[in-house]
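Fold and contact review
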Amino acid sequence: MRTDPAPMPHEAQITTAPQAIAAARVRLLLATVPVSAVTNASVALIAMALLHGGAPAGFYAVWGGVMIGLQAIRLLVWLIWRGASAENLRPVQRSLRLRVLRAASLATGMSWGAIPAALFPATPIEQSFVAFFLAGVSGAAVAGLAFDAWASGLFVVSVIMPLALRLMGVQTSLSTAMAAMVCIYLLYLGVAIRRGQLQFLQLLDWRTRAETARARTARQAQLNALLAEANQRGTSAPNAAALYAAICRTYAALDGQAPLSIVQRDPITGGFEIAAQSGSNSGPVPMDVLDTSLLDTAWGQNRPQFQGDGRTLDACIPLHAQGQVCALLRVVCANAAERLPCEMDDSLRDWLLNLAASVDRGLQAISQRERIDRLQNLYRALISEGEVVLQSRSAEEMLQRTCDTLATDTQFHAAWLARPDDSGAFRVLARAGEGALQLDHFRVHLNDANRVPLVLRVWDTQTLQVCNDLLRDPDMQPWNSTLSRYRWHAALATPVWRGGALWGVLVFTSPQAQAFDEQTIALCEQVAALLGYGLDELDVKERLSHLQRVEAHRARHDTLTGLPNRYALEQYLPEVIARARRQGSLFAVGMIDLDGFKLINDTWGHSAGDRVLRELTRRLQAVQRQTDFLVRLGGDEFVVVMEDLNPLEVQTGYANSVQRLRQAVAAPFDIAPNVQLPIDMSIGISAYPLDAQDADTLMRLADKAMYAAKPKNRTSENSP
Ligand SMILES: Nc1nc2c(ncn2[C@@H]2O[C@H](COP(=O)(O)OP(=O)(O)OP(=O)(O)O)[C@@H](O)[C@H]2O)c(=O)[nH]1
């Protein structure tokens with residue numbers, strides 16, 4: 001719960017006791033001046049009017065004039081000074097006005113002593129009593145002097161001593177008794193004035209001390225409230241900047257404090273900049289007018305620095321995040337003449353240290369929250385990576401989706417994967433996130449002399465590499481401007497294994513230095529491992545599908561000639577029939593069988609027979625039309641399906657087709673080295689839809705026709 005801090009007590013109440021006493025004495029002296037002056041002037045007027053005898057002629061007129069003049073001076077000083085503030089009273093002891101006031105008071109007292117002196121020659125002695133009486137009255141009238149020891153003492157002595165001496169000079173028992181009484185009275189006045197002064201001073205001292213203590217307690221309470229506030233803000237602020245701003249705002253509410261700022265260091269330039277600051281009565285203290293050496297020392301030595309002479313203050317206290325100095329808490333009161341001074345006492349020092357400790361705790365809470373968020377996001381990314389691996393149909397897709405997921409759903413800024421090509425130059429295969437486009441200019445080669453880039457370190461060591469503060473890594477200096485532009489403040493590069501070998505490097509970058517702690521590193525490794533498994537699985541799938549394709553081809557093709565086989569023909573014929581039916585076209589099935597092929601095998605060997613079969617295939621392919629479908633049924637039997645047959649062909653007994661196919665055996669075959677033999681073939685043809693309308697019958701009829709065409713079966717009427 002936030003409580004509004006009470007206003008700070010006025011600084012006059014917390015100044016030191018001697019200053020306060022001096023100011024209070026002057027105020028009291030001023031308070032007595034008007035009454036004293038008026039009384040003195042009145043009594044002087046009465047004396048001028050009533051006391052004539054026993055004094056030199058004109059004495060009372062001169063004395064009265066001096067007296068009234070002195071009182072006028074006192075009143076004048078009082079008039080000028082009565083509106084003075086506490087600040088003006090502080091240097092009062094050196095003030096000209098105080099000196100004038102004291103001199104006037106002293107002169108007043110001494111002038112009263114002149115009356116008994118003037119009366120000395122006179123008789124009877126009773127006149128001296130009148131003077132003594134007047135002196136006593138005037139002593140009371142200038143009671144203000146009692147608060148000023150020297151003036152009071154001189155006054156008492158100068159007024160009463162002459163009377164005592166005079167009485168002792170008369171040498172009668174009465175005058176001696178009176179002199180004794182005067183001396184006792186003198187003694188009494190001296191003691192009374194002294195004691196009164198002491199008590200007054202003590203009283204003032206107690207009062208000032210009590211007020212100072214009260215003010216201190218009140219300030220301490222406010223300062224403690226600010227500490228509590230800082231602690232509480234730490235648990236609610238979303239980030240360090242918000243925490244700094246909240247601390248400064250709360251501090252600013254404390255009236256009368258020197259300005260507080262939180263200063264951060266630019267990692268590139270090393271310069272200091274204000275991250276947050278409180279306002280103050282004198283406004284924020286600009287950085288450029290301050291000596292930053294104290295900041296350097298506090299940052300470099302990681303120790304609080306305090307400078308000041310009790311009137312000025314420069315305090316720099318390091319703040320920490322993850323064990324490292326991340327900012328400085330600075331309180332500066334640079335100007336001693338400022339209305340609000342900073343007391344550089346131990347309590348303020350302790351409080352500042354406590355405030356810094358509170359901010360540290362807040363930063364720690366924030367970084368812990370950020371770490372948990374980061375890990376949660378990473379776990380999510382890990383789950384997403386599992387989906388990516390399962391869903392991706394190609395390696396390219398898998399890599400790109402991995403990078404996209406990492407750069408979108410985690411605290412990472414960018415993610416990319418690179419691997420060396422055949423020439424050894426690293427190629428970025430996938431990338432995502434801020435600054436990823438600049439990877440177009442990524443030039444790293446396996447043979448580079450400079451082994452600093454993380455991808456090379458990974459390649460060399462085959463292990464994961466982390467740099468948690470790229471901008472402070474002296475090796476990374478050449479790339480600092482790019483790293484800083486895209487806020488790549490920390491990076492992790494991990495090997496990606498494919499098929500048991502190092503295949504690529506997956507790189508994660510984060511805008512937050514120190515982002516890669518133990519758990520994050522472990523999760524990044526898992527992501528890379530998952531990616532590797534995914535790639536391996538893709539490879540397995542790819543191999544399987546290749547095998548399937550080979551097997552499927554093998555099942556439909558003849559291994560010796562590469563031609564479609566009987567199985568393929570069985571699938572093909574229904575399609576042709578359906579097409580011909582749809583289009584109302586004709587097609588023919590030609591059955592081809594070599595004559596006397598067995599003899600070649602038997603005479604020249606099986607491999608010679610194979611050669612003939614392959615050569616025949618080549619020749620048949622050369623003479624077939626584009627729409628013909630050539631099949632090896634087995635042995636020396638071939639089938640050619642001829643689509644879009646011209647009806648004339650049927651009428652001419654397939655003369656053109658037979659002639660075209662026969663060109664395949666027009667030239668003799670190479671049987672063996674230097675052995676060429678002519679080989680003939682028999683052809684039987686059936687046509688759709690004239691001969692039959694189903695595949696089996698068409699095949700059977702073609703076979704029958706071919707069989708009939710064999711030389712050994714040939715008769716004059718069925719020879720083709
Ligand atoms: N070299 C070789 N010979 C094969 C292959 N497949 C079958 N043969 C042989 O081919 C021959 C085919 O037999 P036939 O058709 O009776 O032989 P032919 O001498 O041509 O008889 P006609 O067809 O009646 O003229 C057999 O000897 C089979 O062993 C093969 O892939 N390679």
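Heads up: these notes are all about the structure in this document. What you are looking at is a predicted structure, and each value in this text was computed from that prediction instead of being measured.

Cut-offs used in this document
Residues numbered from 1 in each chain as written. Predicted model: local features only at pLDDT ≥ 70, side-chain atom pairs only at ≥ 80, totals over all residues. Heavy atoms only, no water. Helix = DSSP H or I, 4+ residues; strand = E, 2+ residues; numbered from the N terminus. Buried < 20%, exposed > 50% of the residue type's maximum accessible area, 1.4 Å probe, protein only. Contact = heavy atoms within 4.5 Å. Areas by Shrake-Rupley, 256 points an atom, 1.4 Å probe, with all protein chains shown as cover. Core = buried A, V, L, I, M, F, W, Y, C linked by side-chain atoms within 4.5 Å. Pairing = 2+ DSSP bridges. Expected span 1.5 Å × (residues − 1). Axes fitted to C-alpha atoms, helices over the stretch in contact; angles between N-to-C directions. Salt bridge = Lys/Arg side-chain N within 4 Å of Asp/Glu carboxyl O. Parallel < 35°, antiparallel > 145°, perpendicular 65-115°, else oblique. Left-handed = near helix turned anticlockwise from the far one by under 90°. Nonpolar A, V, L, I, M, F, W, Y, C, P; charged D, E, K, R; others polar. Polar contact = N/O pair within 3.5 Å; in protein donor to acceptor, adjacent residues only side chain to side chain. Near = heavy atom within 4 Å. Phe/Tyr/Trp six-rings, centres within 6.5 Å; stacked < 30°, edge-to-face > 60°. Lys NZ or Arg CZ within 6 Å of the ring centre and 35° of its normal.

1. A closer look at the overall build of the chain
The helix and strand tally for the chain stands at 20 helices and 16 strands. Relative to its full complement of 720 residues, the chain shows a buried share of 45%. Within the chain, contacts between residues at least 6 apart in sequence are counted, and of these 64% link residues at least 24 apart. Roughly 36000 Å² of accessible area belongs to the chain as shown, and the carbon and sulfur atoms make up 57% of that amount.

2. What about the nonpolar core?
Core analysis: the biggest nonpolar cluster contains 33 residues, and V496, L506, F508, F516, L531 and L535 have the highest contact counts within it. Those elements that place two or more of their residues in this core are helix 10 (346-391), helix 11 (395-409), strand 6 (414-420), strand 7 (426-433), strand 9 (490-498), strand 10 (501-510) and helix 14 (518-556). If you tally residues by element for this core, the top one is helix 14, at seven residues. Judged by nonpolar contacts, the second largest core, of 31 residues, contains L586, A672, I679 and A687.

3. Focus on the environment of I685
Relative to the assigned elements, I685 resides in strand 16 (residues 681-688). By relative accessible area, I685 is classed as buried at 12%. When neighbours within four sequence positions are excluded, I685 is seen to be in contact with A588, V589, G590, M642, Y654, V658, D691, A702 and A705.

4. Some remarks on the pairing of strand 6
Where burial is concerned, most of strand 6 is hidden: six out of the seven residues are buried. With seven bridges joining them, strand 6 and strand 7 adopt antiparallel strand pairing. Across the sheet, residue L417 finds its bridge partner in strand 7, namely A430. Joining the antiparallel neighbours strand 6 and strand 7 is a turn of five residues, in which G424 adopts a positive phi near 95 degrees.

5. Digging into helix 14
If you check helix 14, its first and last C-alpha atoms are 57 Å apart, about what 39 residues at 1.5 Å a residue would give, namely 57 Å. The complete set of buried residues in helix 14 reads T520, L523, C524, V527, A528, L531, G532, G534, L535 and L538.

6. Here we look at the sheet that holds strand 10
Read across the open sheet, the five strands follow the order 7-6-10-9-8; overall the sheet is antiparallel. Here the strands that pair on one side only, and so sit at the sheet edges, are strand 7 and strand 8 (465-467). Direction aside, the axes of adjacent strands within the sheet are offset by 20 degrees on average. Packed onto the sheet, helix 12 (residues 454-461) meets strand 6, strand 7, strand 8, strand 9 and strand 10 and runs at close to 145 degrees relative to strand 10. Its contacts with the sheet put helix 14 on strand 6, strand 8, strand 9 and strand 10, and the angle it makes with strand 9 is roughly 30 degrees.

7. Overview of the pattern of salt bridges
Throughout the structure, instances matching the rule amount to 20 salt bridges. Via salt bridges that share partners, D593, D595 and K710 belong to a single interconnected network.

8. Some thoughts on unusual backbone geometry
The omega angle of the peptide bond from Y688 to P689 is 0 degrees, so this bond is cis rather than trans. On the secondary structure map, P689 appears in the loop between strand 16 and helix 20 (695-709). Residue Q514 is not a glycine yet carries a positive backbone phi of 65 degrees. With respect to the helices, strands and loops of the structure, Q514 is situated in the loop between strand 10 and helix 14. Within the chain, Y654 stands out as a residue other than glycine whose phi angle is a positive 60 degrees. With respect to the helices and strands, Y654 occurs in the loop between helix 18 (647-651) and helix 19 (655-662).

9. Observations concerning the packing of helix 11 against helix 14
Interaxial distance between helix 11 and helix 14 falls to 10 Å at its minimum, and their mutual angle equals 160 degrees. The orientation of helix 11 relative to helix 14 falls into the category roughly antiparallel. The handedness of the crossing between helix 11 and helix 14 is right-handed. Between helix 11 and helix 14, the residues in contact are A395, M398, L399, T402 and L406 and V527, L531, G534, L535 and L538, respectively. When the residues that make up the contact of helix 11 with helix 14 are grouped by side-chain class, the tally is eight nonpolar, two polar and no charged.

10. Quick look at the side chain of R330
Relative to the helices and strands, R330 resides in strand 5 (residues 324-333). Within the structure, R330 has its side chain in polar contact with the side chain of D314 (distance 2.6 Å).

11. Regarding the site of the ligand
Inspection of the region around the ligand gives 16 residues, with F597, K598, N601, D610 and K712 positioned closest. D610 has a polar side-chain atom sitting 2.8 Å from a nitrogen atom of the ligand. Contact distances for the ligand include 2.9 Å between an oxygen atom and a side-chain N or O atom of K710. Looking at the shell around the ligand, the elements with two or more residues in it are strand 11 (587-594), helix 16 (597-604) and helix 17 (606-623). The element best represented in the shell around the ligand is helix 17, accounting for four residues. Among the residues making up the shell around the ligand, the classes are represented as three nonpolar, five polar and eight charged.

12. A closer look at the pairing of strand 14 (residues 669-672)
Two elements, strand 14 and strand 15 (residues 675-677), share three bridges in a ladder whose sense is antiparallel. When the sheet's bridge partners are listed, D670 is paired in strand 15 with Q676. Counted between consecutive antiparallel strands, the loop separating strand 14 from strand 15 contains two residues, among which N674 sits at a positive phi close to 65 degrees.

13. A closer look at helix 15 (residues 566-583)
Its 18 residues give helix 15 an end-to-end C-alpha distance of 25 Å, which sits within 8% of 26 Å, the value for a rise of 1.5 Å per residue. Listed in full, the buried residues belonging to helix 15 are A568, L569, Y572, L573, V576, I577 and A580. Check the buried side of helix 15 and you find it contacts helix 14, strand 11, strand 12 (629-634), strand 13 (637-642), strand 16 and helix 20. Two to three positions downstream of the cap, the backbone nitrogen of Y567 sits 3.2 Å from a side-chain oxygen, assigning the N-cap of helix 15 to N565. Following helix 15 by one or two positions, G584 has its phi on the positive side, about 70 degrees.

14. Overview of the sheet that holds strand 1 (residues 260-265)
Taking strand neighbours across the sheet as the criterion, the five strands line up as 2-1-5-4-3 in an open arrangement whose pairing is antiparallel. Each edge of the open sheet carries a strand with a single partner, namely strand 2 (272-277) and strand 3 (305-308). Averaged over all pairs of adjacent strands, the angle between strand axes in this sheet comes to 25 degrees, irrespective of strand direction. The pairing of strand 1 with strand 5 spans four bridges and is antiparallel. Among the inter-strand pairings, V263 is bridged to a residue of strand 5, identified as L328.

15. Some details on the packing of aromatic side chains
Two numbers describe a pair of aromatic rings. These are the distance of the centres and the angle of the planes. The full count for this structure, using the stated rule, is 10 aromatic pairs. Consider the rings of Y572 and F629, whose centres lie 3.7 Å apart with planes at 25 degrees: the pair is stacked. Note that Y572 is positioned in helix 15 and F629 in strand 12, a separation of 57 residues in sequence. One exposure class covers both Y572 and F629, and it is buried. On the numbers, 5.2 Å between centres and 20 degrees between planes, the contact of F587 with Y688 is stacked. Residue F587 is located in strand 11, and its partner Y688 is located in strand 16; the two are separated by 101 residues in the primary sequence. Residue classification places Y688 among the buried residues on the basis of a relative accessible area of 4%. In textbook terms, an aromatic cluster arises when at least three aromatic residues are bridged by ring pairs, as seen for F59, Y60 and W63. The cationic tip of R498 hangs over the ring face of W503; the distance from NZ or CZ to the ring centre is 5.0 Å.

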